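Analysis of the macromolecular model
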Amino acid sequence: MSNFNCTLRTIEEFSILDLSGDLDAHTASILEKKFQELIENKSFKIVVTFSNLNYISSAGLGVFMGVIEDIRSGGGDIKFSNTSDNIYQVFDMLGFPLLYEFFDDESEAIEKFKTSNVVS
């Protein structure tokens, strides 16, 4: 069984998901449930941090693609931060930087939310 953890924190009106371990077909449902909780609670301004994520599979990538429409239709977005070079390469190969914004740290992502016209 893979080790994966998804911890939710809040800073002001922003939801921060800290991912650690391996995000794969066995653990993707954990992240998917967390996103569904955020959507049900109308928490649409989400920053996902990857600093402790070791591995991401296509199932993990699919979670982000599966929820982004609901989050953006709610007036929010998902912003990515603290990606290691290995994790970023996976996102980059599949064109995620065209769809999502990546930041060096979560404070930059939060600041981008504050300065954009995103309304939740």
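Residues numbered from 1 in each chain as written. Predicted model: local features only at pLDDT ≥ 70, side-chain atom pairs only at ≥ 80, totals over all residues. Heavy atoms only, no water.

Per an unreviewed UniProt entry, the protein chain is named Anti-sigma factor antagonist, and its organism is Chloroherpeton thalassium. Per UniProt, the comment on the protein chain under Sequence similarities (unreviewed entry) is "Belongs to the anti-sigma-factor antagonist family." (UniProt positions renumbered as here; feature names shortened; annotations may be inferred.)

1. Some points on the overall build of the protein chain
Each helix and strand in the protein chain was counted, giving five helices and five strands. Written out in order from the N terminus, the α and β elements of the protein chain read β-β-α-β-α-β-α-α-β-α. Here the protein chain has a C-alpha radius of gyration of 13 Å; the compact-globule value for 120 residues is 14 Å, and the two agree. When its C-alpha atoms are laid out on the principal axes, the protein chain stretches across 40 × 25 × 25 Å. Counting all 120 residues of the protein chain, 40% fall into the buried class. Of the accessible surface of the protein chain, which amounts to about 6300 Å², a share of 46% is contributed by carbon and sulfur atoms. Across the protein chain, the mean location of the 9 positive side-chain charges is 6 Å away from that of the 19 negative side-chain charges. (Helix = DSSP H or I, 4+ residues; strand = E, 2+ residues; numbered from the N terminus. Rg over C-alpha atoms; globule rule 2.2 N^0.38 Å. Buried < 20%, exposed > 50% of the residue type's maximum accessible area, 1.4 Å probe, protein only. Areas by Shrake-Rupley, 256 points an atom, 1.4 Å probe, with all protein chains shown as cover. Lys, Arg positive; Asp, Glu negative; His and termini not counted. Charge placed at Lys NZ, Arg CZ, Asp CG, Glu CD.)

2. Considerations on the sheet that holds strand β2 (residues 14-23)
Within the open sheet, the five strands sit side by side as β1-β2-β3-β4-β5. Their pairing is mixed. The open sheet has two edge strands, β1 (4-11) and β5 (101-103), and neither has a second partner. Each strand axis lies, on average, 25° off the axis of its neighbour in the sheet, ignoring direction. The strands touched by helix α3 (residues 85-93) are β3 (45-56), β4 (77-81) and β5; relative to β3, the strand with the most contacts, the crossing angle is about 110°. (Pairing = 2+ DSSP bridges. Axes fitted to C-alpha atoms, helices over the stretch in contact; angles between N-to-C directions. Contact = heavy atoms within 4.5 Å.)

3. Looking at the pairing of β3
As paired elements, β2 and β3 share eight bridges and run parallel to each other. Residue pairing in the sheet places Ile16 in a bridge with Val47 of β3. Between the parallel elements β2 and β3, the chain passes through helix α1 (residues 28-40) in a crossover that is right-handed. Handedness of the β3-helix α2 (residues 58-73)-β4 crossover: right-handed. (Right-handed = clockwise from strand over helix to strand, strands pointing away.)

4. Here we look at the pattern of salt bridges
A complete count under the given rule lists eight salt bridges for this structure. In this structure, Glu13 and Lys45 form a salt bridge, with 3.7 Å as the shortest nitrogen-oxygen distance. In this pair, Glu13 is assigned in the loop between β1 and β2 and Lys45 in strand β3, connecting sequence segments 32 residues apart. On the accessibility criterion, Lys45 (9% relative accessible area) is buried. With its nearest N and O atoms 3.6 Å apart, the salt bridge here joins Lys112 to Glu101. (Salt bridge = Lys/Arg side-chain N within 4 Å of Asp/Glu carboxyl O.)

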